[in-house]
Each structure stands twice: as structure tokens, then as C-alpha cells.
Amino acid sequence: MIEKRNLFNTTHVTKEEYKEYLHRGFISENDFLFEKILYQILFILFIIFALVSLILFFKLRKSYIIRQRGFTISFIGGIVNFISVIIEFLPQLMKVPCALSIYSTNLLNVVVNLIFFCRSLRIVLFYHYNFFKMMVIVIPTLISLIITVTLHLTIDSNTCSFIKLEDAMLDLKHNKSRRLFSVFQIFNGLSMIFSFILALLLAPIKDTNILGAKFECFTTCILILVVNFLHIFLQRRASDHALLDYSKNPRRMYLNLYEITKGGRMLFVVVSIYMLFASITLPVIYFYKAKKAHKKFIENDLTSKKLFNKVLNTPSLVHDLRSIALKEFSVENVLFWENYQDLQNMNYLNFIDYNKSEESREESGLLNQFYYEYMDEPKHKQFYSTSSMNNYDYNPYSLVPNEIIPYYKAFYKSFISDNGIAKVNISEIAALNIHNEIDFPTIGIFDSAKDEIIEKMYYTIYPILLKKSGSIIKEILC
């Protein structure tokens, strides 16, 4: 008879003890009372924690911090993780049908990993692309479903039933319906490869927030690798596996660890809970932390919006803002502002050209020169600050000159369109109004979006710039 569990007992069990182990379940046994009560408590605590986190995350969906993380895909991922953990907990609380374990493992596990990989790729590719396709999630999930259903139909219905309740621990020890779990094994193998590659790609990325998006994705990749290696090891050392060398009976510590982790399944529960915490709970915590910090962000000479507007019109300080935004994964906001200024420079030069041509009846060529610099030598183009445009009669309702319209449409495709390479997070109303007007744009078509972007930069990256270069700003602008 196997003695009380001891993870540090490395002795081998006898053949009789091993046979007893293979026929000992969890729910069907009268033992393990403390463990069963513990799972019940953890189950209730998890439901409370997950529901509160998801509700608050949804409630704060319009906040910048939540939208920056990608509300839709993060929220869907949170719900799928919640359902996955609930189903994985059930076998520790009651007998469950074999089919429930098969389909939840082969489908929910695949969806959870795919959503995580999409979110991670969004960070890795953020410097070049700011979009992802839901088809990356849908197609592999459908493939997994089709394969699972096909395999399920080829076996005896009594082998893995939808209605017969069983002790999941016994099924795991005997590798029951091992063939049906092949989908899970294949996708887990692929997830290990992707996790390793993503970890390498995420490592050099800089994030000003120590526990930010990079930390979440990088640590999750490492956790996925560790858990999968440990799961493979336990399956080969402590279950009735076809490749197990029966001439050497397993060590007690492997059998104890297998039972404690419920065949390694609870290890994946830990990963799912961590994903939910990192992607849903942490952003909510950051929001309230930022809200608290905002109360301390009292208006004075350095924190005033008037000074921030001066910062936005100082190229060297805008460059510093861009460097900070890169680490905050919000560089699209600074790029939006810089390119918005380029459009206004074009309008300003068009205004000068028009006035000079009216006076001399000849074109001055300033606008054509700016076009050349904008397209071919952007790093050396002349910069016109707001103060230099004081004599410019800005009318946001004036139609954009025909020669400038292509640049307005290019700006729209880059920053406003759903497939834009640097799409900014603006309100639906502002985006819809721009979409409706872009065919016949006015000079101020992007002004509402610009105001939102400036507001976001003021509350997110400007405080970081003040902390880093407050004395320089004071010296230059005050």
C-alpha cells in the first residue's frame, strides 16, 4: 500500500503498489477529504475573482488602458479562460462524462492558446502592424473540432460517452481515450514551439511598465513551456503509458505529483488563471492605480495643458515622447500627431502659395517643395510650429485642396481605418464621422481625433516625460 504522499520520496514502488495506484481514483474514493474541501473553496474563490475582474474590465472598456490592451480579444480570451478553468475544476468536484474532458481539452485549450498568441504577436509586430485577424483563431479551432468529432465517431460510444459519469482521475491514469487526446497533444507541441519563438521575440522589446504587456506575454510563454514539459514528463512516468518500461516501477514522488496535479491537468488550470489575471485583472488594477495617480497630477507650471501644447510643438521633445511611447506600446499616438502636423503644414503652405500667387500672379512653389520633402526626405522637411502659423486663417470647414487630398486619404488609411498599420484608439463617433467625410474631406476632418489623441498623450506619456526630463522642459519652455 502506498504511504502518505511525500514529494521527496524517490524510492520505487512495488508492482502491487503500482497496480493499487492505477486503480485508485479521486472522486470515487472516501479519502482525500481535505483536498476535496480545498478544491471546493478554491472553485468558489476563483468564480468570485474571475467574475469581478471580467465585470470591471467590461465596465472600463472605453478607458485608454483597456483599449490599449485590445478590449475585444482580451475580453473574449478572459471569458474562454473562465469557462476553461470552470470545466477543469469540475472533475475535482464530481464525476464527469469522458466526452466533456475530451472536447473541453481539444477545443478550449486550443482557443485559449490561439488568443494568447494573437495578443502576443500584436505586441511583437506593433512597430509595423497594429491589427490581427480573427481567422487565425477561428480556422484552427474548427479544424480541432472536426478532427475531434471524426475521431470520436470512430470509437465505441461506450468508450467515451456524453452521459456516463466517471472518475476523471482513473481515466487519466489509464490513458483512456488516448487517441482522442491526440489533437490536444499536437496543438500543445505547436504551442511549445510558438511560445519559445515568442519568448525570443519579446525579450528585446522595451516596456516602461515593469509589469506591463511585455511582462504578461513573456512570463506566460515561459509558463506554457514549463507546464508542457512537466506534463509530458508526468505522462511518461506516472500513467499507464504504452511506452512505460514496466521492468522499472515508477518512483513514488512521480506518482504523488501526478495525483496532486490530477494528471497534470491542474497545471494547465494554473496557466489559464494566470492568463486571466495578467490580461484582465492587471489592466483593471493599472486603471485604478492611474486614476489615483491622476489625482496627484495637480495643475502647475509643468503639468499644465498649455505647457504640454508647447511640448507638442517642440521637435526635440516630441522625439522624446516618441521614445517613451515606443516602450508604452502607444507610439501610434505620437505618429498620428506628427503626421497631423504635416497635413497642417501642407495647408499652411497652400495658404502662402495662394496669397503669393494672388499678389504676383505666379506660383511660389513652396507647397510643391514640401511635397517633395514629405515624400522623399521626411527627416529633413521644414517644420512649422503653431506659433509660426498665427497669420494663418484656419477654417476647419474649408474643403481640402485637390492636390492635398491624396495625403489626407493616406493619413486615413494609416491611422483611422480598421486595417491601418498604426490605427489609433479613438471614439466610435469620431471614427464614423471621419469615415463618412473622407471622400470629400474638410481641412479639420481629423481635429476631433487629434483632440482625443492629445488628451491621451497628456495623461499617459507626458507624466513619464516630466519625470524623466522635467528640468530640461523647464529650461527650454519656461
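### Description of the packing of aromatic side chains
Here's step 1: One pass over the full model with this rule turns up 30 aromatic pairs.
Here's step 2: Taken together, a centroid distance of 5.8 Å and an interplanar angle of 25 degrees make the contact between Phe46 and Phe82 stacked. With a gap of 36 residues between them, Phe46 in helix 2 (residues 33–59) and Phe82 in helix 4 (residues 71–89) connect regions that are remote in the sequence.
Here's step 3: Given the relative accessible area of 5%, Phe46 is considered buried.
Here's step 4: Looking at Phe82, the relative accessible area reads 16%, which means it is buried.
Here's step 5: A ring pair is formed by Phe57 and Phe71, whose centres lie 5.7 Å apart and whose planes are at 15 degrees; its orientation type is stacked. Placement of Phe57 in helix 2 and of Phe71 in helix 4 is noted, with a sequence separation of 14 residues between them. We note that Phe57, like Phe71, is buried.
Here's step 6: Grouping aromatic residues by their ring pairs yields a cluster made of Phe26, Phe32, Tyr39, Phe43, Phe46, Phe49, Phe82 and Phe89.
Here's step 7: Above the face of the Phe26 ring, Lys36 is positioned so that its terminal group lies 5.8 Å from the ring centre.
Here's step 8: Stacked on the ring of Phe26, the Lys or Arg Lys262 has its end atom at 4.2 Å from the ring centre.

### So, the confidence of the model for the chain
Predicted coordinates in regions of low pLDDT should not be interpreted in detail.
Here's step 1: Taken over all residues, the pLDDT of the chain has a mean of 81, while the share at 70 or more is 83%.
Here's step 2: In the model of the chain, helix 15 (residues 366–376) stands out as the element of lowest mean pLDDT, 47, in contrast to helix 2, which has the highest, 94.
Here's step 3: The model gives residues 127–132 a pLDDT under 50, and that stretch makes 17 contacts with residues more than four places away or in other chains.
Here's step 4: Below pLDDT 50 for its whole length, residues 242–246 participates in 9 contacts with residues either more than four positions away or in separate chains.

### Section: the pattern of salt bridges
Here's step 1: Counted according to the given criterion, the structure contains 11 salt bridges.
Here's step 2: Measuring nitrogen to oxygen at the nearest pair gives 3.1 Å for the salt bridge that ties Glu17 to Arg252. With a gap of 235 residues between them, Glu17 in helix 1 (residues 15–22) and Arg252 in helix 10 (residues 252–260) connect regions that are remote in the sequence. Of the two residues examined, Glu17 and Arg252, each falls in the buried class.

### Focus: the state of the cysteines
Here's step 1: This structure, assessed with the given rule, holds 1 disulfide.
Here's step 2: What pairs with Cys98 in a disulfide is Cys160, and their sulfur atoms sit 2.2 Å apart. Residues Cys98 and Cys160 are joined by a disulfide whose S-S torsion is about -95 degrees; by sign, that bridge is left-handed. Within this pair, whereas Cys98 is found in helix 5 (residues 98–124), its partner Cys160 is found in the loop between helix 6 (135–153) and strand 2 (165–166), the two being separated by 62 residues in sequence.
Here's step 3: In this structure Cys217 is not part of a disulfide, and its nearest cysteine sulfur, from Cys221, lies 6.8 Å away.

### Concerning the packing of helix 12 (residues 305–312) against helix 13 (residues 315–327)
Here's step 1: Where helix 12 meets helix 13, the closest approach of the two axes is 7 Å, and the angle between their N-to-C directions is 95 degrees. Considering their axes alone, helix 12 and helix 13 lie roughly perpendicular with respect to each other. Counting all contacts with helix 12, which are made through Phe308, Val311 and Leu312, the residues of helix 13 involved are Leu317, Val318 and Leu321.
Here's step 2: Residues of the contact of helix 12 with helix 13, tallied by class, amount to 6 nonpolar, no polar and no charged.

### So, helix 8 (residues 182–202)
Here's step 1: The end-to-end C-alpha distance of helix 8 is 30 Å, a good match for the 30 Å that 21 residues give at a rise of 1.5 Å each.
Here's step 2: Taken together, the buried positions of helix 8 are occupied by Val183, Phe184, Phe187, Asn188, Ser191, Met192, Ser195, Leu198, Ala199 and Leu202. All buried residues of helix 8 project into a common sector of 165 degrees when viewed along the axis, lining one side. Exposed residues pointing more than 90 degrees away from the buried face of helix 8 are listed as Ile186 and Leu200.

### Things to note about the environment of Leu145
Here's step 1: Along the chain, the position of Leu145 falls in helix 6.
Here's step 2: Look at Leu145 and you get partly exposed, because its relative accessible area is 32%.
Here's step 3: Discounting chain neighbours no more than four positions away, the residues touching Leu145 are Tyr103 and Leu107.

### Here's the deal with a nonpolar patch on the surface
Here's step 1: A grouping of Ile186, Leu190, Ile193, Phe194, Phe196, Ile197, Leu200 and Leu201 is seen on the molecular surface, where their side chains present a nonpolar patch of about 750 Å² in accessible area.
Here's step 2: Of note, Ile193 is situated in helix 8.
Here's step 3: Accessibility expressed as a relative area gives 48% for Ile193, which makes it partly exposed.

Calculation notes
- Residues numbered from 1 in each chain as written.
- Predicted model: local features only at pLDDT ≥ 70, side-chain atom pairs only at ≥ 80, totals over all residues.
- Heavy atoms only, no water.
- Phe/Tyr/Trp six-rings, centres within 6.5 Å; stacked < 30°, edge-to-face > 60°.
- Helix = DSSP H or I, 4+ residues; strand = E, 2+ residues; numbered from the N terminus.
- Buried < 20%, exposed > 50% of the residue type's maximum accessible area, 1.4 Å probe, protein only.
- Lys NZ or Arg CZ within 6 Å of the ring centre and 35° of its normal.
- pLDDT = per-residue confidence, 0-100.
- Contact = heavy atoms within 4.5 Å.
- Salt bridge = Lys/Arg side-chain N within 4 Å of Asp/Glu carboxyl O.
- Disulfide = S-S within 2.5 Å.
- Axes fitted to C-alpha atoms, helices over the stretch in contact; angles between N-to-C directions.
- Parallel < 35°, antiparallel > 145°, perpendicular 65-115°, else oblique.
- Nonpolar A, V, L, I, M, F, W, Y, C, P; charged D, E, K, R; others polar.
- Expected span 1.5 Å × (residues − 1).
- Arc of directions from axis to C-beta.
- Patch = residues over 30% accessible without salt bridge, like charges linked within 9 Å, V, L, I, M, F, W, Y side chains within 5 Å.
- Areas by Shrake-Rupley, 256 points an atom, 1.4 Å probe, with all protein chains shown as cover.

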